[in-house]
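Residue-level structure breakdown
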Amino acid sequence: MSAFFKEIAQDLYRFFTSITLAIVLISLIALFSFVGTLIPQEAFTREVDYIARFGFEGYQILKQLQLTNIFGSWYFLFVMALFTLNLTACTVKRLRASWRYWKLPMLALSPEALQRLEHWRSWEGPIAPETAQRIERVLQRRGYRVRRESSQLLAEKWRWERFGIDLFHIALLVVIFGGLATMLWGFRTFEIAHKGSLIQLPGADFQLRVNRFWSENYKDSERVMDWHTELTVIENGREVFTQTIEVNAPLRYKGYNVYQSAFGTDWQGAANVTLAISRADGTELGEFTSTVNEGFEIPNEKIFVKVGAFLPDFALTENLIAYSRTQRLENPGAYIEIFDLNGTRLMRTWAFARTDMQQFWESSMARVSGASPYRVRLVGMTAPEFTGLQITKDPGRPIVYFGFLFVVLGLLVHLYFKHQQIWVYLGENRIIIGGMARNRPRAFVHEFERLLKEIEQIVPKEEPEPCATLVSSSST
Amino acid sequence: MDSTFFFYLTAIGYFISFVFYLLHLIGEPKGTAKTVGTGLGISATTTPWLIKQTTWGTLATWSTAITVIFSTVAMVLRTIEIARVSEYWTLPVTNTYETLAFFSWAIPLVYLFFERRYKIKVIGAMVTGLSFIAVALASSPLISSEVRPLVPALQSYWLKLHVLFTLGGEAFFAIAFGAALLFLVLQRRASVETLKLLDNVSYKSIAIGFPLFTLGGIVFGAVWAQHAWGRYWGWDPKETWMLISWFIYALYLHVRVKWGWRDAKTAWLAVLGFAVCMFTWWGVNYLLSGLHSYG
């Protein structure tokens with residue numbers, strides 16, 4: 001039975017360490033990402049925009065297939081999980097190979113073997129007794145660790161570079177897990193705050209008070225230079241400190257981060273609208289002002305008028321849902337309901353500021369639902385400014401940054417360091433120097449040449465120095 | 001004189017270099033084993049065109065070097081212009097115009113280094129061609145050259161780091177693209193040595209570009225996104241496409257090492273990777289909507 005499980009475990013290991021799986025998964029992730037950017041994602045798209053673009057049916061289908069939230073869909077997360085497993089398995093496999101390489105002893109090579117290396121040279125002639133020591137010193141100065149074994153000097157450096165790529169892969173995993181930690185234990189909200197607002201953060205034992213906020217323009221220009229919000233941290237009813245944040249300069253306190261992320265006029269949340277109301281026969285009842293979601297009574301007429309919504313840029317979807325196309329004051333419209341004093345709704349309508357819209361709306365409403373008892377026009381609107389604060393808690397941050405550090409370090413080590421080995425054979429009347437670098441990079445030629453130049457100063461000069469290529473071609 | 005003037009000069013300069021490199025590429029006899037990287041002998045003449053051998057190539061190198069100087073002057077002037085408007089010192093990489101100009105400055109600079117090191121002039125035509133397209137597009141009426149003060153989100157030192165490293169990496173990818181495309185076009189025409197060298201240059205420039213791109217795009221990008229928007233990663237179209245191009249280059253390195261792919265197969269990947277990089281830069285700005293729509 002245990003043999004059976006062992007076989008399964010081996011199969012699984014083989015499956016997860018295969019580079020084919022990695023490539024299939026990478027391609028799948030790329031494909032899903034591609035689709036995810038073609039279809040706008042829920043995170044930054046409103047429902048009405050979907051319906052406006054794909055129609056109601058189309059939107060339902062996309063939603064069913066989880067295409068509107070593809071990066072949170074089960075199939076994407078499944079592929080990501082597999083990819084993480086694959087990366088982990090490959091890293092383990094590689095790490096074991098690197099460990100074996102690390103443990104591999106550097107062995108003395110016979111003179112014949114040395115002459116089969118790609119880089120080598122030999123000198124002949126009487127050898128002074130201190131030559132070995134002097135060569136050793138040259139090698140040590142160049143950063144080699146030198147060991148003597150009988151008649152040979154074994155020098156090497158940068159053996160550890162083999163772990164560079166492992167470090168890189170491990171660091172990638174660390175980044176993924178840091179991101180996961182943030183996803184699981186962190187949170188992110190967007191708050192629209194007005195002057196004096198108190199913000200209670202979920203799970204936090206302190207509150208934030210918005211003292212004031214302002215927008216700063218460039219000199220003699222309409223362009224925004226920066227947005228600022230002055231915040232006070234309040235803990236147990238006591239003011240702890242006050243800080244002004246701006247874009248790219250958040251407030252950080254007890255693991256929470258508060259970012260200045262938007263600024264604007266809060267039309268939809270807190271507009272103040274002025275309405276001109278008249279009876280169907282044309283009798284003016286006057287102008288009235290109210291905030292969104294509130295209303296007013298007209299006592300003489302015995303009616304209550306409620307402002308249900310305000311849209312700065314009114315538009316309709318295919319299935320007639322009203323929404324605001326932008327947050328600019330392009331085509332303002334207010335949703336108005338009129339009740340009698342018993343609470344029975346007498347009528348509902350949209351009131352517009354643009355006369356063409358108003359006429360179009362009134363004529364089409366008259367055709368659809370007959371004459372209405374009152375006529376409402378939108379004659380004025382103001383709204384308070386708001387500051388948009390992004391508030392996050394991010395427990396994975398140190399992990400992610402730590403990972404990033406080693407992603408870069410590992411990659412640099414892998415690409416720019418190569419394990420180099422030099423053998424110096426000291427015979428009776430002969431010195432042979434051979435060297436090699438892992439994966440034989442071009443750069444090693446230069447390193448080897450420089451080393452030879454220094455060693456030439458030490459070894460006997462009387463004898464002709466055979467060129468490496470000449471000798472190797474004649475010796476074969 | 002303002003930076004726009006120098007960018008026009010740069011465009012003219014790259015065009016002239018492009019013509020020289022093209023003449024060098026097709027007008028000179030096929031390189032032998034010793035002179036890899038000189039002409040490819042497409043014109044099939046045994047004697048070089050018009051003037052003596054290597055002259056076109058030398059002219060091309062010199063005109064490229066001089067144009068890089070113009071380009072540098074233009075970049076410095078632009079930096080001063082931004083600082084005057086914004087009261088903020090930053091690299092000229094704040095909108096599409098400037099990133100294009102930056103790109104056309106970085107590619108030949110990187111290329112000259114490769115040309116010196118690998119003695120391969122045939123890629124020059126691709127590189128100066130690309131740079132010419134970039135700077136000509138920037139100077140065309142399609143793209144506004146107005147110097148605008150920085151929007152709040154861009155006022156950060158991360159802007160410099162993020163764009164410098166990302167575009168720097170992409171400049172190397174551009175060289176790899178040039179070499180790979182040339183490889184694919186000349187597969188059956190050029191000498192084996194030239195093809196080997198093209199393949200090697202393509203690989204080397206990806207090996208240098210990849211860490212830069214990783215650092216600039218993924219690391220600095222994520223850190224800045226965390227700093228400005230409050231999250232490292234949000235599957236914004238720009239981020240997503242950047243990841244796709246990163247994956248393609250990662251794939252390139254893996255198949256080369258693990259499966260021993262060479263030549264045409266990896267050349268196709270290098271071309272695809274650069275195409276995706278360009279889409280990340282252009283397509284995402286104009287076709288898809290997202291937070292990251294500065295340039």
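Residues numbered from 1 in each chain as written. Chains lettered and ligands numbered in written order. Predicted model: local features only at pLDDT ≥ 70, side-chain atom pairs only at ≥ 80, totals over all residues. Heavy atoms only, no water.

Here the focus is the packing of helix α2 (residues 19-38) of chain A against helix α4 (residues 74-103) of chain A. Residues and elements named next belong to chain A. Contact geometry of α2 with α4 gives a least axis separation of 10 Å together with a crossing angle of 150°. Where α2 crosses over α4, the handedness of that crossing is left-handed. For the pair formed by α2 and α4, the contact residues are Leu21, Ala22, Leu25, Ile26, Leu28, Ile29 and Phe32 on the first element and Tyr75, Phe76, Val79, Met80, Leu82, Phe83 and Asn86 on the second. Residues of the contact of α2 with α4, tallied by class, amount to 13 nonpolar, 1 polar and no charged. (Axes fitted to C-alpha atoms, helices over the stretch in contact; angles between N-to-C directions. Helix = DSSP H or I, 4+ residues; strand = E, 2+ residues; numbered from the N terminus. Left-handed = near helix turned anticlockwise from the far one by under 90°. Contact = heavy atoms within 4.5 Å. Nonpolar A, V, L, I, M, F, W, Y, C, P; charged D, E, K, R; others polar.)

Here we come to the pairing of strand β12 (residues 284-291) of chain A. Residues and elements named next belong to chain A. Pairing analysis gives 7 bridges linking strand β11 (residues 272-279) to β12, with the strands arranged antiparallel. Residue pairing in the sheet places Leu275 in a bridge with Phe288 of β12. Between the end of β11 and the start of β12, which pair antiparallel, lie 4 residues, with Gly282 showing a positive phi angle near 105°. (Pairing = 2+ DSSP bridges.)

The domains assigned to chain A are domain 1 (2-100), domain 2 (106-158 + 418-475), domain 3 (187-266 + 387-393) and domain 4 (269-383). One C-alpha centre belongs to domain 1 of chain A, the other to domain 3 of chain A; they are set 36 Å apart. (Domains from an automatic or database assignment.)

Here we come to the environment of A:His228. Residues and elements named next belong to chain A. Take His228: it is sitting in strand β7 (residues 224-235). Its relative accessible area of 9% is what places His228 among the buried residues. Residues His228 and Phe32, 196 residues apart in the sequence, show an inter-C-alpha distance of 38 Å. If near-sequence neighbours (up to four positions away) are discounted, His228 is found in contact with Phe213, Trp214, Glu216, Thr244, Ile245, Glu246 and Gln260. In terms of polar contacts, His228 uses its side chain to reach the side chain of Glu216, at 2.8 Å. (Buried < 20%, exposed > 50% of the residue type's maximum accessible area, 1.4 Å probe, protein only. Polar contact = N/O pair within 3.5 Å; in protein donor to acceptor, adjacent residues only side chain to side chain.)

Residue and element names in this part refer to chain A. What the 5 strands build is an open sheet, ordered β1-β22-β21-β3-β2; its pairing is antiparallel. Only two strands of the sheet have a single partner each, and these edge strands are β1 (119-124) and β2 (145-149). Strand-to-strand twist in this sheet, taken as the mean axis angle between neighbours without regard to direction, amounts to 15°. Relative to strand β3 (residues 152-157), β2 runs antiparallel, the two sharing 5 bridges. If you follow Val146 over to β3, its bridge partner there is Ala155. Of the strands in this sheet, β2, β3, β21 (420-426) and β22 (430-437) are in contact with helix α6 (residues 131-141), which crosses β2 at around 155°. Where helix α11 (residues 443-456) meets the sheet, it contacts β1, β3, β21 and β22, and its direction lies at approximately 15° from that of β1.

All names here are of chain A. One non-glycine residue, Trp158, lies in positive phi territory at about 60°. Within the secondary structure, Trp158 is located in the loop between β3 and α7 (164-185). Exposure remark for Trp158: the relative accessible area of 26% places this residue in the partly exposed category. One non-glycine residue with positive phi stands out, namely Lys302, at about 60°. Looking at the element boundaries, Lys302 is found in the loop between β13 (295-298) and β14 (303-311). Assessed through its relative accessible area of 55%, Lys302 is described here as exposed.

As a further point, take the sheet that holds strand β18 (residues 345-352) of chain A. Residue and element names in this part refer to chain A. The strand order across the open sheet built from 4 strands is β13-β14-β17-β18, with neighbouring strands paired in antiparallel fashion. Each edge of the open sheet carries a strand with a single partner, namely β13 and β18. When strand polarity is set aside, the average angle formed by the axes of neighbouring strands in this sheet is 20°.

Before going further, it helps to spend a moment on the side chain of A:Thr84. Relative to the assigned elements, A:Thr84 resides in helix α4. A relative accessible area of 15% places A:Thr84 in the buried class.

On to the nonpolar core. One finds B:Ile123, B:Leu198 and B:Trp246 to be the most contacted residues of the largest nonpolar core, which totals 131 residues. In contact with B:Ile123, not counting residues within four places along its chain, are B:Tyr111, B:Ile175, B:Gly178, B:Ala179, B:Leu182, B:Leu198 and B:Val201. Ranked by size, the runner-up nonpolar core spans 22 residues in total, among them A:Ile135, A:Leu139, A:Leu153 and A:Ile455. (Core = buried A, V, L, I, M, F, W, Y, C linked by side-chain atoms within 4.5 Å.)

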